[in-house]
Amino acid sequence: MRGGFSTLLYKEVLRFWKVAAQTVAAPVLTALLYLLIFSHVLEGHVKIHGVAYTAFLIPGLVIMSVLQNAFANSSSSLIQSKVTGNIVFVLLPPISYLEFFAAYVLAAVVRGCVVGGGVLLATLWFAPVSFAEPWWILIFAVLGGAILGSLGVIAGIWAEKFDQLAAFQNFLIMPLTFLSGVFYSVHSLPPFWQQLSHWNPIFYMIDGFRHGFFGVSDASPWLSLAVVGSCFAILTVFTLNLLKSGYKLRA
Amino acid sequence: MSSAIRIEQVSKRFGSVQALDGVELEIAQGEFFGLLGPNGAGKTTLISALAGLVRPDSGRLRVMGKDVQADYRAARRQLGVVPQELVFDPFFSVRESLQIQSGYFGIADNEAWIDEILENLGLTSKADANMRMLSGGMKRRVLVAQALVHRPPVIVLDEPTAGVDVELRQTLWAFIRRLNQAGHTIVLTTHYLEEAEMLCNRIAMLKAGRIVALDTTGNLLRRFSTHSLRLRTDRKMPAELLAGGTESGGWWSLPFDTFDQVEGLLARVRTAGCGISDLEIGKPDLEEVFVRVMQGQQAGQG
Ligand SMILES: Nc1ncnc2c1ncn2[C@@H]1O[C@H](COP(=O)(O)OP(=O)(O)OP(=O)(O)O)[C@@H](O)[C@H]1O
Ligand SMILES: [Mg+2]
């Protein structure tokens, strides 16, 4: 371990890995349950983009797991450290704002990808899934995880209590992920909801990610990349400024 | 040679509380410095400002010549802080905590020094225990160890002996004294005044965010406290003898400046016809100084 960034990254990864039953196995199981129930009900009735429903659903569940776990990782780590007071251990050393941000976000991406990989492995048995353009899979998993990881950093810094964090998660993150085409193609929605979905950045993460599997999607993957990339750039600038200002971390 | 710590006109307000009010303080390298004051005086706030945990409304702070805001990375390398609150990371063992803390300071392989710290703080047998399993005093020891991983030239301990047993106090002070002798600057806050009196060469007293006394320990003791002849007598002593003296719990306390005066005092007690049933010599003590300073007798620099 050398330097603030690599040590903080290592510590953040070790932190979730030590309790992998809760942080990795549990979300994989949840995703598997979604798959079993939805595919049981809808398989054979629905085909999307010419793909059988279960196969269509798998990438959605994978990226949803990536996003939710990336958010959970940075936000829960920060709020725990703040509530217990051990946040001073990272505030006293000479760790720069950029190192701090990069370590928390990258650890969130790692957690997201480990869970996402687990969901993929566990669900692959249920339907044939192709990997048409795999680089899109990687790009959207990493960028999506990074965006939700940054949001987790912001929420973790802002929230003073666990229930405030839960509110952030239940009223913002969950609706945005569920209303973004995890379980359906937005083209099957009425026009109003279709329009609304196009304002939800998470829709582009999921759509672009799915494109990597099937080579077809609701929006062009390049458009999705532009939207997701800009979101990440904006969040990076915002979060770095938040950290630099010392907001709620340095009185 | 730059000062170990230089604090210039630092003020900090929390809502309606003026936690620090124009604090001016310079601590030379190699000092063993005591920062005393009642609860809420601003000691922790001052230390936090030094560590960059609190940003002052005005003023400047430097550690070993490095500005804690403008040059925060260099300043933090110079400083080891033992926080007042008993905090720990429940995910890790003692050794892991120390390795991680070393890594934050950019130190790759710190095992030899970690072992030495563990040994000196009586933690060797707990090295692989999870932090959750340790008793409060043991957690406090780990906090001290964490502050030392990067061998900081300036070490600040915020009430390190609160809730700690006699054994650790002694081993802790022996270790900190050795570090001080090896050239580390030590700053200590404590509510155990005999501890400060024994260890610190210079003391600042803080009250409501202001420094109300700042001097060497010896000077403070001399200025605010004297030797006194303490006696218990079988009858009330004459008023003229008691001028300047005080009584509490049946003990009369007659102050004096030099030991030659003791004989004269005793002779006067005898001529007054009082029998002495008990007698002792009271020494100047920091507690008395503290009480007097806090009651408002200001002491300037000397
Ligand atoms: N983060 C904060 N927010 C609001 N008020 C604060 C904060 N930190 C300290 N204070 C207030 O500032 C004043 C100084 O507090 P500080 O903790 O520095 O005192 P102290 O001298 O360390 O006391 P103690 O001996 O009890 O540790 C107190 O009135 C305290 O309530
Ligand atoms: Mg304090």
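All figures in this text were calculated on a predicted structure; none of them were measured in a lab. (Residues numbered from 1 in each chain as written. Chains lettered and ligands numbered in written order. Predicted model: local features only at pLDDT ≥ 70, side-chain atom pairs only at ≥ 80, totals over all residues. Heavy atoms only, no water.)

**Focus: the overall build of chain A**
Each helix and strand in chain A was counted, giving 10 helices and two strands. Along chain A, helices (α) and strands (β) appear in the sequence α-α-β-β-α-α-α-α-α-α-α-α when read from the amino end. Here chain A has a C-alpha radius of gyration of 18 Å; the compact-globule value for 251 residues is 18 Å, and the two agree. Counting only C-alpha atoms and orienting by the principal axes, one finds that chain A spans roughly 60 × 35 × 35 Å. A burial count over chain A gives 55% of its 251 residues as buried. Pairs at least 24 residues apart make up 80% of the contacts formed inside chain A by residues separated by at least 6 positions. Entry remark: accessible area of chain A is about 10,500 Å², with carbon and sulfur atoms responsible for 73%. Across chain A, the mean location of the 12 positive side-chain charges is 12 Å away from that of the 8 negative side-chain charges. (Helix = DSSP H or I, 4+ residues; strand = E, 2+ residues; numbered from the N terminus. Rg over C-alpha atoms; globule rule 2.2 N^0.38 Å. Buried < 20%, exposed > 50% of the residue type's maximum accessible area, 1.4 Å probe, protein only. Contact = heavy atoms within 4.5 Å. Areas by Shrake-Rupley, 256 points an atom, 1.4 Å probe, with all protein chains shown as cover. Lys, Arg positive; Asp, Glu negative; His and termini not counted. Charge placed at Lys NZ, Arg CZ, Asp CG, Glu CD.)

**What about the interface of chain B and chain A?**
With 31 residues of chain B in contact, the opposing surface of chain A contributes 32 residues. Both sides together, the interface formed by chain B and chain A hides about 2,800 Å², and carbon and sulfur atoms give 62% of it. If you sort the residues of chain B by the area they bury against chain A, L53, F91 and Y104 of chain B come out on top, with a joint share of 28%. Our count for the chain B to chain A interface comes out at two salt bridges. Of the charged contacts, one joins E99 of chain A and R73 of chain B as a salt bridge, the two residues approaching to 3.1 Å between their closest N and O atoms. At the junction of chain B and chain A, the tally comes to 14 residue pairs in polar contact (both at pLDDT 80 or more). (Buried area = accessible area lost by both parts, 1.4 Å probe. Salt bridge = Lys/Arg side-chain N within 4 Å of Asp/Glu carboxyl O. Polar contact = N/O pair within 3.5 Å; in protein donor to acceptor, adjacent residues only side chain to side chain.)

**Describing unusual backbone geometry**
If you check the backbone angles, K248 of chain A has positive phi at about 60° while not being a glycine. One can find K248 of chain A in the segment after α10 (221-245). On the basis of relative accessible area, K248 of chain A is assigned to the partly exposed category, the value being 36%. Not every positive phi belongs to a glycine, and E159 of chain B is a case in point at roughly 50°. Mapped onto the fold, E159 of chain B is located in the loop between β7 (154-158) and α6 (166-181).

**Some remarks on the confidence of the model for chain B**
When pLDDT is averaged across chain B, the result is 88; 96% of the residues are at 70 or more. Two summary scores accompany this predicted model of the complex, namely pTM at 0.88 and ipTM at 0.87. (pLDDT = per-residue confidence, 0-100.)

**Topic: the site of ligand 1**
Residue and element names in this part refer to chain B. Among the 14 residues in the neighbourhood of ligand 1, the closest are listed as N39, G40, K43, T44 and T45. Within the contact set of ligand 1, an oxygen atom lies 2.8 Å away from a backbone nitrogen or oxygen of G40. Side-chain polar atom of Q84 to an oxygen atom of ligand 1: 2.8 Å apart, as the coordinates give it. Of all the secondary structure elements, the ones that give two or more residues to the shell around ligand 1 are β2 (17-27) and α1 (43-51). (Near = heavy atom within 4 Å.)

**Quick notes on the sheet that holds strand β11 (residues 227-233) of chain B**
Residues and elements named next belong to chain B. Spatially, the four strands line up as an open sheet ordered β12-β13-β11-β14, and their pairing is antiparallel. Looking at which strands have only one partner, the edges of the open sheet turn out to be β12 (246-248) and β14 (276-282). Pairwise comparison of adjacent strand axes, ignoring direction, gives a mean angle of 25° for this sheet. Pairing analysis gives six bridges linking β11 to β14, with the strands arranged antiparallel. (Pairing = 2+ DSSP bridges. Axes fitted to C-alpha atoms, helices over the stretch in contact; angles between N-to-C directions.)

**Looking at the sheet that holds strand β5 (residues 66-67) of chain B**
Neighbouring strands of a sheet are bound in pairs by backbone hydrogen bonds; such pairs are parallel or else antiparallel. All names here are of chain B. Taken in spatial order, the four strands line up as β2-β1-β4-β5 in an open sheet, and their pairing is antiparallel. Single-partner strands in this sheet number two, and they are β2 and β5. Two elements, strand β4 (residues 58-63) and β5, share two bridges in a ladder whose sense is antiparallel. Bridging from a neighbouring strand, V63 pairs with K66 of β5.

**Side note on the nonpolar core**
Looking at soluble globular proteins, one finds that nonpolar side chains tend to be buried together. Counting residues in hydrophobic clusters, the biggest one holds 166 residues, and the most contacted among them are F100 and L148 of chain A together with I7, M205 and L286 of chain B. The biggest single contributor to this core is helix α3 (residues 53-84) of chain A, with 15 residues. In this structure F100 of chain A touches L8, L78, V90, I95, L243 and L249 of chain A, once residues within four positions along its chain are discounted. (Core = buried A, V, L, I, M, F, W, Y, C linked by side-chain atoms within 4.5 Å.)

**Notes on the environment of V115 of chain A**
Residues and elements named next belong to chain A. Structurally, V115 is set in helix α5 (residues 97-123). Once the C-alpha coordinates of V115 and I63 are considered, the two residues, 52 residues apart in sequence, prove to be 9.5 Å apart. Here V115 is in contact with T23, V24, P27, V28, S65 and N69, once residues within four sequence places are set aside.

**Brief notes about α10 of chain A**
All names here are of chain A. Its 25 residues place the ends of α10 36 Å apart at the C-alpha level, agreeing with the 36 Å of an ideal helix rising 1.5 Å per residue. P221, S224, V228, L235, T236, T239, L242 and L243 are the residues of α10 that are buried. Close packing links the buried residues of α10 with α5, α6 (134-158) and α9 (201-214). At the N-terminal end of α10, a side-chain oxygen is found 3.0 Å from the backbone nitrogen of W222, two or three residues along, and the residue is S220. Looking one or two places after α10, you find G246, whose phi comes out positive at around 80°. (Expected span 1.5 Å × (residues − 1).)

**Details of the coordination of the magnesium ion (ligand 2)**
Coordination of the magnesium ion (ligand 2) by the protein involves T44 of chain B (OG1) and Q84 of chain B (OE1), with metal-donor separations of 1.9 to 2.1 Å. Remark: Q84 of chain B occurs in the loop between β6 (79-82) and α3 (94-104) and T44 of chain B occurs in helix α1; sequence separation between them is 40 residues. (Donors = N, O, S within 2.8 Å, 3.2 Å for Na, K, Ca; no water.)

**Considering the packing of aromatic side chains**
For any pair of aromatic rings, the description rests on two quantities: the centre-to-centre distance and the angle between the ring planes. Tallied over the full model, the rule gives 18 aromatic pairs over all chains. Measuring from ring centre to ring centre gives 5.6 Å for Y97 of chain A and Y72 of chain B, while their planes differ by 35°; the resulting arrangement is tilted. Within this pair, whereas Y97 of chain A is found in helix α5, its partner Y72 of chain B is found in helix α2 (residues 72-77), the two belonging to separate chains. In this structure Y97 of chain A comes out as partly exposed when scored by relative accessible area, which is 26%. Within the aromatic cluster, the residues linked to one another by ring pairs are F131, F209, F213 and F214 of chain A. When the ring centre of W113 of chain B is taken as origin, the NZ or CZ atom of R151 of chain B, which lies over that ring, is 4.3 Å away. The ring of W251 of chain B is capped by R230 of chain B, whose NZ or CZ atom sits 5.0 Å from the centre of that ring. (Phe/Tyr/Trp six-rings, centres within 6.5 Å; stacked < 30°, edge-to-face > 60°. Lys NZ or Arg CZ within 6 Å of the ring centre and 35° of its normal.)

**Points about the packing of helix α1 (residues 3-17) of chain A against α3 of chain B**
Packed helices, taken two at a time, are described by the angle between their axes plus the distance between the axes. Close contact between α1 of chain A and α3 of chain B brings their axes to 7 Å; oriented N to C, the two are set at 150°. Contacts between α1 of chain A and α3 of chain B involve G3, G4, T7, L8, K11 and L14 of chain A from the first element and E96, I100, G103 and Y104 of chain B from the second. Of the residues contributing to the contact of α1 of chain A with α3 of chain B, the split by class is four nonpolar, four polar and two charged. (Nonpolar A, V, L, I, M, F, W, Y, C, P; charged D, E, K, R; others polar.)

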